[in-house]
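Here are the chains, one letter per residue:
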Amino acid sequence: AGACAEATATNTLNATPHAPPEAKMVITVLPIDSAGNWSMAADVKGLPRLAEGGYYEVWLTRGEELAASCGRCVVAENGTASDVWLNAPYKFKNFARWVVVAQLPGKPPSESMLDGPVVVPA
């Protein structure tokens, strides 16, 4: 597909009560490849920098459960990350929502920090 490919959907994940109110992630879904992978580029702002070894993970959910990971990222000191590449080798219609959780070493995933509906690509 490449970075110049036309987006097929844009998903915006907004802050939950577990994140700063200005936090958000915008996920641009690119066309599906011949193998069935949806490549995505995400831009993040407003998330706190995590302790050493910590990262944020993007999940698709079924009901309230984390069901399928789409990738991980860290943010800069200013709470941003740009052009984070994610991947979903899944059928989006099988999932309800996107969420972002914080993952710290030796701990279970945090409560959902960012949340948004799954916009199914055209």
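Above this note sits the structure.
These notes cover the structure that comes with them. Predicted model only: the values in this text are computed from it and were never measured.

### Describing the sheet that holds strand β3 (residues 38-45)
Consider a sheet: its strands pair through backbone hydrogen bonds, and that pairing is either parallel or antiparallel.
So, point 1. Reading across from one edge, β5-β4-β7-β8-β1-β2-β3-β6 is the order of the eight strands in this open sheet, with antiparallel pairing throughout. Of all strands in the sheet, those bounded by a partner on one side alone are β5 (65-73) and β6 (81-88). Ignoring which end each strand starts from, the neighbouring axes of this sheet average 25° apart.
So, point 2. Two elements, strand β1 (residues 9-15) and strand β8 (residues 114-117), share two bridges in a ladder whose sense is antiparallel. Across the sheet, residue A15 finds its bridge partner in β8, namely L114.

### Brief notes about the pattern of salt bridges
Opposite charge on two side chains permits them to pair, given that their charged atoms come into close proximity.
So, point 1. Under the counting rule described, the total for this entry stands at three salt bridges.
So, point 2. When the shortest N-O distance is used, the salt bridge between R72 and E57 registers 3.3 Å. Remark: E57 occurs in strand β4 (residues 55-62) and R72 occurs in strand β5; sequence separation between them is 15 residues.
So, point 3. Of the charged contacts, one joins R97 and D115 as a salt bridge, the two residues approaching to 2.5 Å between their closest N and O atoms. Of this pair, R97 sits in strand β7 (residues 97-103) while D115 sits in strand β8, and the two are 18 residues apart along the sequence.
So, point 4. By relative accessible area, which is 32% here, R97 ends up partly exposed.

### Points about the packing of aromatic side chains
So, point 1. Evaluated as defined, the whole model comprises three aromatic pairs.
So, point 2. Residues W38 and F92 carry aromatic rings whose centres are separated by 5.4 Å and whose planes lie at 50° to one another, so their mutual orientation is tilted. Taken as a pair, W38 in strand β3 and F92 in the loop between β6 and β7 lie far apart in primary sequence, 54 residues in all.
So, point 3. Take W38: its relative accessible area is 12%, and that puts it in the buried class.
So, point 4. Ring geometry for F92 against W98: centres 5.7 Å apart, planes inclined by 50°, an arrangement best described as tilted. You'll find F92 and W98 in the same group, each marked buried.
So, point 5. Grouping aromatic residues by their ring pairs yields a cluster made of W38, F92 and W98.

### Describing the layout of surface pockets
So, point 1. One number sums up the size of the largest pocket: a volume of about 260 Å³.
So, point 2. Considering the residues around the largest pocket, the lining is formed by T61, G63, E64, L66, R97, V99, V101, P109, S110, E111, S112 and D115.
So, point 3. Taken together, the residues of the lining of the largest pocket break down into four nonpolar, four polar and four charged.

### Points about the pairing of β1
So, point 1. Relative to strand β2 (residues 24-32), β1 runs antiparallel, the two being bridged by six bridges. Residue L13 lies in a different strand from β2, and its bridge partner there is M25.

### As for the state of the cysteines
So, point 1. Within this structure, the stated rule accounts for zero disulfides.
So, point 2. Of the cysteine sulfurs around C70, a residue in no disulfide, the closest is that of C73, at 12 Å.
So, point 3. You can call C70 buried: its relative accessible area is 4%.

Conventions adopted
- Residues numbered from 1 in each chain as written.
- Predicted model: local features only at pLDDT ≥ 70, side-chain atom pairs only at ≥ 80, totals over all residues.
- Heavy atoms only, no water.
- Pairing = 2+ DSSP bridges.
- Helix = DSSP H or I, 4+ residues; strand = E, 2+ residues; numbered from the N terminus.
- Axes fitted to C-alpha atoms, helices over the stretch in contact; angles between N-to-C directions.
- Salt bridge = Lys/Arg side-chain N within 4 Å of Asp/Glu carboxyl O.
- Buried < 20%, exposed > 50% of the residue type's maximum accessible area, 1.4 Å probe, protein only.
- Phe/Tyr/Trp six-rings, centres within 6.5 Å; stacked < 30°, edge-to-face > 60°.
- 1 Å grid on protein atoms, 1.4 Å probe; cavity = no way out; pocket = protein on both sides within 12 Å on 5 of 7 lines; lining within 4 Å.
- Points joined across faces, edges and corners; volume = space filled by probe spheres on them.
- Nonpolar A, V, L, I, M, F, W, Y, C, P; charged D, E, K, R; others polar.
- Disulfide = S-S within 2.5 Å.

That is the geometry; function is a separate question.
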